[in-house]
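# Observations on chain architecture
Here's the letter readout for the chains.
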Amino acid sequence: MPEFLDFLFAFGQTEHPKDFHFTGFRSEAKLLETDATVHLPELGRSGREIRMCYTIKSVENVVSQDSQQNWPWSIRTTSLCHSFDIGTCRSFWLIVKANKLLRGRVKTLCSTGHLFRTDVTDENESARQAFDSTLQIHQLLCALAGENWRWYIGSIEEKVQTLTRGTLTDTVDLYKHTPRRAQSWNSVAGTELTPVPTEEAWSSRFSFEHLQEVHFVEEKANEALLIIQANISVLRDLSAFYSETVKSIRAISDTKIFQTCDFERSIAAAVKDLTMQQSRLTMLLRLLADRRSLLDSMLQWKNAQMNLRLADKAQVSADDMRIMTVEMHRIAADTKKETINMRIITLVTLFFLPGTYISTLMSTSIVQYEGDRLKINIAPLVLYLETSLPLLFGTLAFWYLTNKWEGWKSSKNKPRHGTP
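Owing to the predicted nature of the structure, the values given are computational and were not obtained by experimental measurement.

Residues at a pLDDT of 70 or more form 80% of the protein chain, whose mean pLDDT is 79. Confidence scores differ between elements of the protein chain, with helix H6 (residues 199-202) showing the lowest mean pLDDT of 44 and strand E2 (residues 49-61) the highest of 90. This stretch, residues 187-203, has a pLDDT under 50; its non-local contacts, to residues over four places away or in other chains, come to 21 contacts.

Moving on to the sheet that holds strand E4 (residues 91-97). If you walk across this open sheet you meet the 4 strands as E1-E2-E3-E4, and the pairing is antiparallel. The open sheet is flanked by strand E1 (24-30) and E4, the only strands paired with a single partner. Between one strand axis and the next, the sheet turns through 15° on average, direction left out of account. Where strand E3 (residues 73-85) meets E4, 7 bridges bridge the pair, whose relative direction is antiparallel. Counterpart to Leu80 in the pairing with E4 is Ile95. In the packing of helix H3 (residues 123-145) onto the sheet, the strands contacted are E2, E3 and E4, and the crossing angle to E3 comes to about 165°. Sheet strands touched by helix H4 (residues 149-164): E2 and E3. Its angle to E3, the strand with the most contacts, is close to 155°.

Under the counting rule described, the total for this entry stands at 1 cavity of 30 Å³ or more. When its volume is computed, the largest cavity comes out at roughly 30 Å³. Along the walls of the largest cavity sit Leu31, Arg48, Ile86, Ile249, Ile252 and Ser253, which together make up its complete lining. Tallied by class, residues from the lining of the largest cavity come to 4 nonpolar, 1 polar and 1 charged.

This part takes up the nonpolar core. Counting 63 residues, the largest nonpolar core has Tyr54, Trp149, Tyr152, Tyr242 and Phe258 as its most contacted members. Residue assignment for this core shows that the elements contributing at least two residues are E2, E3, helix H2 (101-111), H3, H4, helix H7 (208-253) and helix H8 (261-362).

What follows is about the packing of H4 against H8. The N-to-C vectors of H4 and H8 enclose an angle of 10°; their axes lie 11 Å apart at closest approach. Considered as vectors, H4 and H8 are oriented roughly parallel to each other. Residues Trp149, Arg150, Ile153, Gly154, Ile156, Glu157, Val160, Gln161 and Thr164 of H4 form the contact with H8, whose own contacting residues are Leu274, Gln277, Arg280, Leu281, Leu284, Leu287, Leu288 and Arg291. Across the contact of H4 with H8, the residue classes break down as 9 nonpolar, 4 polar and 4 charged.

With respect to the helices and strands, Thr78 occurs in strand E3. The contacts of Thr78, once residues within four sequence positions are left out, are Tyr54, Thr55, Ile56, Ile95, Val96, Lys97, Leu102, Leu141 and Leu144.

Another point: the pattern of salt bridges. In a structure, side chains of opposite charge can pair up when their charged atoms sit close to one another. Evaluation of the coordinates by the stated rule reveals 11 salt bridges. A salt bridge links Asp262 to Arg265; its shortest N-O distance comes to 2.1 Å. Taken as a pair, Asp262 and Arg265 lie in helix H8 at a separation of 3 residues, close to a single helical turn.

Strand residues, when the strand is regular, have side chains that alternate between the two faces of the sheet. The buried count for E2 comes to 12 of 13 residues, which makes it a mostly enclosed element. Bridging between E1 and E2 involves 7 bridges; their strand directions are antiparallel. Bridging from a neighbouring strand, Ala29 pairs with Ile50 of E2. Taken together, the 13 bridges between E2 and E3 define a ladder with antiparallel strand orientation. Bridged to Arg51 within E3 is Ser83.

How each quantity is defined
- Residues numbered from 1 in each chain as written.
- Predicted model: local features only at pLDDT ≥ 70, side-chain atom pairs only at ≥ 80, totals over all residues.
- Heavy atoms only, no water.
- pLDDT = per-residue confidence, 0-100.
- Helix = DSSP H or I, 4+ residues; strand = E, 2+ residues; numbered from the N terminus.
- Contact = heavy atoms within 4.5 Å.
- Pairing = 2+ DSSP bridges.
- Axes fitted to C-alpha atoms, helices over the stretch in contact; angles between N-to-C directions.
- 1 Å grid on protein atoms, 1.4 Å probe; cavity = no way out; pocket = protein on both sides within 12 Å on 5 of 7 lines; lining within 4 Å.
- Points joined across faces, edges and corners; volume = space filled by probe spheres on them.
- Nonpolar A, V, L, I, M, F, W, Y, C, P; charged D, E, K, R; others polar.
- Core = buried A, V, L, I, M, F, W, Y, C linked by side-chain atoms within 4.5 Å.
- Buried < 20%, exposed > 50% of the residue type's maximum accessible area, 1.4 Å probe, protein only.
- Parallel < 35°, antiparallel > 145°, perpendicular 65-115°, else oblique.
- Salt bridge = Lys/Arg side-chain N within 4 Å of Asp/Glu carboxyl O.

As structure tokens, then:
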């Protein structure tokens, strides 16, 4: 059947599953001689046949675990293409599965002798046996479609309880802010401030990573619900197709060698079990939605309390900066007054400095008056210059070196750009 290619294209190794949720049931029945398209008696093909192809998905416990969430389960796809020739009672099977699980089960079923009996000589009995053998293989696939869902859903329930059970018992503390009043710089240094909670006090075993894990589990539960619904639809279509086909065969040939009662009962039992698992998943998703909402509310509450804490710290810093600003303003005012006083002293000093220098120079032996005659002694002048000039240059050199030293210390202690 060309439609089988749609199911076959979903296979292949990919980084992420491709067409993972694609499934369905396709069938056609050519029961009349006029409907026969390919009539090849030498190949055992009468042209009157029923054809079908479908895909089911099953859950399997695998050895390799999910690299991110440590999830030891895998959803596996099985696609089948089958035809049964009504005239010759020959079957064609094409089953595609990514491992050898189903192959081993089919071999086991064939080796038990329940499918084909070689001691049957009656033509009608042989046709009935061939038809029943196809139904048994279909039942094998239907059993695979409902396998392990109980344990898979149990794992999801356990994961949900582990992640969210604490949301019902944990308490959330309210951060209490006590306003602080400080009036001066000294009071800031000596006042006992309101204790700010540490990171450990605000840490909780619920975090954003927990919310991510809850979303991962919810995604797995929704995925399982969709797959179970698809499997139920395929099984019902398969049962309805065989039931209608057998009724059509009886109406055409008035024969009752083909029976589907046991097959329909087994399909109904599988559908019933899958429906129960579907109900479990529906209730689990409701519980998970409530727990996730509660967890999200707790995380939002935690963020709100952390914002209050940061606001409190910002208020404390703002109060300290205000006090520092007031103190610096006072210091600046005092500095301005001292600067004015120093300016006055400097002006007075500059006013009297030339006269003081001249009077000091004239009081030495360098300048002498002999009557009305001015006499300048060279030897004292040379001694004065030899003494004062080295001291002057030494003072300037000491000032220069001291200024350089202070600048180097300031540049060394200055924090680099981008570092605290």
